[in-house]
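Here's the letter readout for the chains.
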Amino acid sequence: MSDLIAIIYPSEAKAEEVRQRLFKLQKEYLITISDAVIATKTEAGPVKLNQLVNTTAIGAVSGSFWGLLIGVLFLNPILGVALGAASGALGGALSDYGIDDAFMKELSTSLQPGNAALFVLVKNMTADKVLREIQDAGGTVLKTSLDDSKEQKLREALAKASAEQSTQTNAA
């Protein structure tokens, strides 16, 4: 079973930095990530999702291939590619992979403009080592599906780092 972890960061750049750290940890086999999405709230108000997988592009490429193949069979490959790419892109745009987009947008409505939430769907992880690598980035836990003790450890580690960062900022 996968666990969902959503953490709020002060900027999209900070959330992206943590996402890249998690990908590095995945290469070291300390975590297995199913999906990692950054949600940001723009000044105008709507929530923008920075997806890990662009399903529209994947659908267009796949559709182009199948359209070309069918087009060759019916002696009109150019029309086949065009129709295949269009239908593939439409299918890709309508499909959802990993964390539900509507769920992320709903949770992200409480964000302040400029803040970002990192949503991670984790299959498994070595929790203590992963936490040690990301805790210095700080952040605030928005939501998790972890058990209470693991969630509390995560909240405490991130709060400690956030408090240290604010102390350093105030001292400067």
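Owing to the predicted nature of the structure, the values given are computational and were not obtained by experimental measurement.

Participant: Please set out the side chain of T144 residue by residue, giving values where relevant.
Facilitator: Here T144 is to be found in strand β5 (residues 140-144). Using a relative accessible area of 13% as the deciding quantity, one classes T144 as buried. One polar contact links the side chain of T144 to the main-chain amide nitrogen of L146, over a distance of 3.4 Å. Of note is the side chain of T144, whose polar atom sits 2.9 Å from the side chain of E151. Look past the residues within four positions of T144 in its chain and what remains in contact with it is L4, I5, E151 and L154.

Participant: Please set out unusual backbone geometry residue by residue, giving values where relevant.
Facilitator: Positive phi values are uncommon outside glycine, yet Y29 reaches one of about 60°. Mapped onto the secondary structure, Y29 falls in the loop between α1 (12-27) and β2 (31-41). Judged by its relative accessible area of 76%, Y29 falls in the exposed class.

Participant: Please give an account of the pairing of β2 that cites residues and values.
Facilitator: Taken across its 11 residues, β2 has 10 buried, putting it largely inside the fold. By the bridge criterion, 9 bridges tie β2 to strand β4 (residues 116-125) in an arrangement that is antiparallel. Its bridge partner lying in β4, T40 is registered against A116. Bridging between β2 and strand β3 (residues 47-50) involves 4 bridges; their strand directions are antiparallel. Within β3, the residue paired with K41 across the bridge is V47. Two successive antiparallel strands, β2 and β3, enclose a turn made up of 5 residues, where G45 displays a positive phi of approximately 120°.

Definitions and limits used
Residues numbered from 1 in each chain as written. Predicted model: local features only at pLDDT ≥ 70, side-chain atom pairs only at ≥ 80, totals over all residues. Heavy atoms only, no water. Helix = DSSP H or I, 4+ residues; strand = E, 2+ residues; numbered from the N terminus. Buried < 20%, exposed > 50% of the residue type's maximum accessible area, 1.4 Å probe, protein only. Polar contact = N/O pair within 3.5 Å; in protein donor to acceptor, adjacent residues only side chain to side chain. Contact = heavy atoms within 4.5 Å. Pairing = 2+ DSSP bridges.

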